[in-house]
Amino acid sequence: MKTKPSILILLFLAAGMMVFGQKYTADWQSLRRVQTPEWLQKGKFGIYTHWGPYAVHAYGSNTTWYSFALYLNPEGEERGHFEETFGKLTPEYGYKDLIPLFTADKFDADEWADLFQKAGARYAGPVAEHHDGFAMWDTKYSEWNAAKMGPRRDIVGELEAAIKKRNMKYVTAFHHAANWFFFPVSDKRYDTGDPKNSGIYGQYHLPGEKRNQEFIDEWYGKIIEVIDNYSPDFIWFDFALDDMPEGYVKDFLAYYYNHADDKGKEVVVTYKGHDLVPGSGVRDLELGQEPNLTYNEWITDNSVDDRGAWGYANDLTFKTPNRLIDNLVDRVSKNGYLLLNVGPKPDGTIPEGAKEVLLAIGAWLDINGEAIYETTPWMVAGEGPTNLGEANETGFDESGIIYTAKDIRFTVKGDNLYAIFLDWPGEFAVINSIQGIDPEPEGLGKEPAKDIPSLVGKTISEEEGPAYPGFYKEEIKRVSLLGDGKDLKWSLTRRGLIVEMPDEKPCDHAFVIKIERYHHPKLK
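Throughout this document, residue positions are counted from 1 along each chain, in the order its sequence is written. Residue-level local features of this predicted model are given only where pLDDT is at least 70; pairs of side-chain atoms are given and counted only at 80 or more, and the full residue set underlies all totals for whole chains, interfaces and linings. To get the side-chain values, all heavy atoms of the structure are used, and hydrogens and water are removed first.

Visitor: What is the right way to read the packing of helix 7 (residues 109–118) against helix 8 (residues 155–165) from this model?
Guide: The geometry of a pair of packed helices is captured by two quantities: the angle between their axes and the separation between those axes. Lines are fitted to the C-alpha atoms to define the axes, a helix being fitted only along its stretch in contact, and any angle between axes, read from their N-to-C directions, falls within 0 to 180 degrees. Comment: elements are numbered from the N terminus, with helices defined as DSSP H or I runs of at least four residues and strands as E runs of at least two. Closest axis-to-axis distance for the helix 7/helix 8 pair is 9 Å, and the angle between their directions is 40°. Here helix 7 is positioned oblique relative to helix 8, judged by the angle of their axes. Our pair here, helix 7 against helix 8, has a crossing hand that is right-handed. On helix 8, the residues that touch A109, D110, W112 and A113 of helix 7 are E158, L159, A162, I163 and K165. Three residue categories are used. Nonpolar comprises Ala, Val, Leu, Ile, Met, Phe, Trp, Tyr, Cys and Pro, charged comprises Asp, Glu, Lys and Arg, and polar comprises the others, including Gly. Of the residues that constitute the contact of helix 7 with helix 8, the class distribution is six nonpolar, no polar and three charged. Working rule for angles: under 35 degrees goes down as roughly parallel, over 145 as roughly antiparallel, 65 to 115 as roughly perpendicular, anything else as oblique. Rotating anticlockwise by less than a right angle from the far helix to the near helix defines a left-handed crossing, while the corresponding clockwise rotation defines a right-handed one. We call two residues in contact when some of their heavy atoms are within 4.5 Å.

As structure tokens, then:
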């Protein structure tokens, strides 16, 4: 008889361990203990895709917001385009009727994954659901999904298999918290006001009303469903996460982080603005970048197209490889990462212009990836005359500036320091930030000092860049150019480190001088 209470106590304690033994609990104090994954810190660069029914109309400055403007701006160009191209909006006909034209008949997940891998991406994946309410996986929460309509394929599942097969980490992006206000669901003039379409347009509510329980439960349930079924390594959120009840957000984070911990994997969540408590995820800057080196890690979601269309459009033009490579380098040097968007066509093919850009980035990384992957920022992010201006809380501050040969960014790995010139420096590369402690100029290798340009001996001014104090010439073991590999002649002067460049460029874009250093130099 005395053993029964003991057995009950043991059973209670065992059950309690199943709950309390989890690493993370649904409170910010616990969730702030999550660490940025090592694979993200090493990988730096990834690709994701905005692909859904919005690829069909292929129109607008931002194609993913076309359907929002379609209903809410009767005089806008989106309404005019839709009614001229597809038909008049009625209580029966509207955006949802583009879904049958979203065929994906040429979609090949392996082909996409091959392209992303050749581009140098270390993580990749799709937008799982955009604001438009159309899920790209076989969800139990709505019939309005790619497995049951349009493509009639589980896009999220197919891409998961293809991307993970290539040892890339898997990304799923969610915009569906904003579906609540995206369509005029109380307006009976349109198909958005028909309750039978609420699975895509959202539940009936009046403008300005708070999200109801049904919407919140579906929002939460869809994320948990994707975690359980596809185990993404990276969950990216658009804005409006702060419009969800805080407890549900904390519950999701604890569930995801514990799910990953149970599987022995590292995961990351990114967010906009102040939608999460600092430290519980990584902050994302949309089409943005930090102007200076930061203490916190951050990421940018950017796009290959040059107007922020995000989805496919018939008239897209694309950013140059040079611009995207320079911006990747700039972000990495300042403690940031890059998630680059591609918008495929409705048949599932990736536009040729986008392919060309991605393959050019991959070709550059094949030569210079040593200065990007597995690096950290240095004590000085960079130098040069190009000013990015002030930081913006949510991003949207990326400029189309053209960097010059005097714009340099630094990364470091082990005892190797990489000085990345964002344009070809010419015969001599001058790195002002690396000034010699010895005030006397040295010759270039075995050459006499008179062969060095007149720059030698000139002390750097504060306006010319943030010099790193304490650089000894005895530290430098070897200087070379990635893609060339030969020893380069160099001189450490009061002006900075001066390097004689080879005659031929090893690549078409940014150029990386590798400075190999002795860990403990023998000082004179």
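There's more to say after this.
Visitor: Whenever I open this one, the packing of helix 11 (residues 213–230) against helix 12 (residues 246–263) confuses me. Can you help?
Guide: Following both chains from N to C, one finds helix 11 and helix 12 inclined at 10°, their axes separated by 11 Å at the closest point. As far as their axial angle goes, helix 12 and helix 11 are roughly parallel. Residue-level contacts link Q213, I216, D217, W219, Y220, I223, I224, I227 and D228 of helix 11 to Y248, V249, D251, F252, Y255, Y256 and H259 of helix 12. For the contact of helix 11 with helix 12, a count of residues per class yields eleven nonpolar, two polar and three charged.

Visitor: Help me out: how do you make sense of empty space enclosed by the protein in this one?
Guide: If you roll a probe as big as a water molecule over the atoms, it shows you where there is empty space left. Here a cavity means grid points, on a 1 Å grid over the protein atoms only, where a 1.4 Å probe fits yet cannot get out; a pocket means an open set of points with protein on both sides within 12 Å along at least five of seven lines; lining residues are those with an atom within 4 Å of a point. Grid points are joined across faces, edges and corners, and a volume is the space filled by probe spheres set on the points. Tallying each qualifying case throughout the model produces two cavities of 30 Å³ or more. If you add up the space inside the largest cavity, you get close to 110 Å³. The wall of the largest cavity is formed by 13 residues, among which E129, N179, F215, E218 and K222 lie closest to the centre. Those elements that provide at least two residues to the lining of the largest cavity are helix 10 (198–201) and helix 11. By residue class, the composition of the lining of the largest cavity is three nonpolar, seven polar and three charged.

Visitor: Is there a simple way to explain the layout of surface pockets in this structure?
Guide: Roughly 220 Å³ of internal volume is contained in the second largest pocket. At the level of elements, strand 5 (268–272) and strand 6 (282–286) are the ones that each hand at least two residues to the lining of the second largest pocket. No other element matches strand 5, which puts three residues into the lining of the second largest pocket.

Visitor: I'm lost on helix 12 in this one. Help?
Guide: Given 3.6 residues per helical turn, the α-helix brings residues three or four places apart onto the same face. Compared with the 26 Å implied by 1.5 Å per residue over 18 residues, the 26 Å span of helix 12 between its first and last C-alpha is a close match. Think of it in three bands: with a 1.4 Å probe and only protein chains considered, a residue is buried below 20% of the maximum accessible area for its type, exposed above 50%, and partly exposed in between. Looking at helix 12, one finds that the buried residues are V249, K250, F252, L253, A254, Y256, Y257, N258, H259 and A260. The elements touched by buried residues of helix 12 are helix 2 (28–31), helix 11, strand 4 (234–237) and strand 5. Within two residues after helix 12, G264 carries a phi angle of roughly 70°, on the positive side. Helix span is expected to be 1.5 Å times the residue number reduced by one.

Visitor: Explanation requested: the nonpolar core in the structure shown.
Guide: Buried together is how nonpolar side chains tend to be arranged in soluble globular proteins. For the purposes of this section, nonpolar cores are sets of buried Ala, Val, Leu, Ile, Met, Phe, Trp, Tyr and Cys residues that join through side-chain atoms within 4.5 Å. Formed by 145 residues in total, the largest nonpolar core has its most connected members in F116, I434 and I513. The dominant element in this core, judged by the number of residues it contributes, is helix 11, at eight residues.

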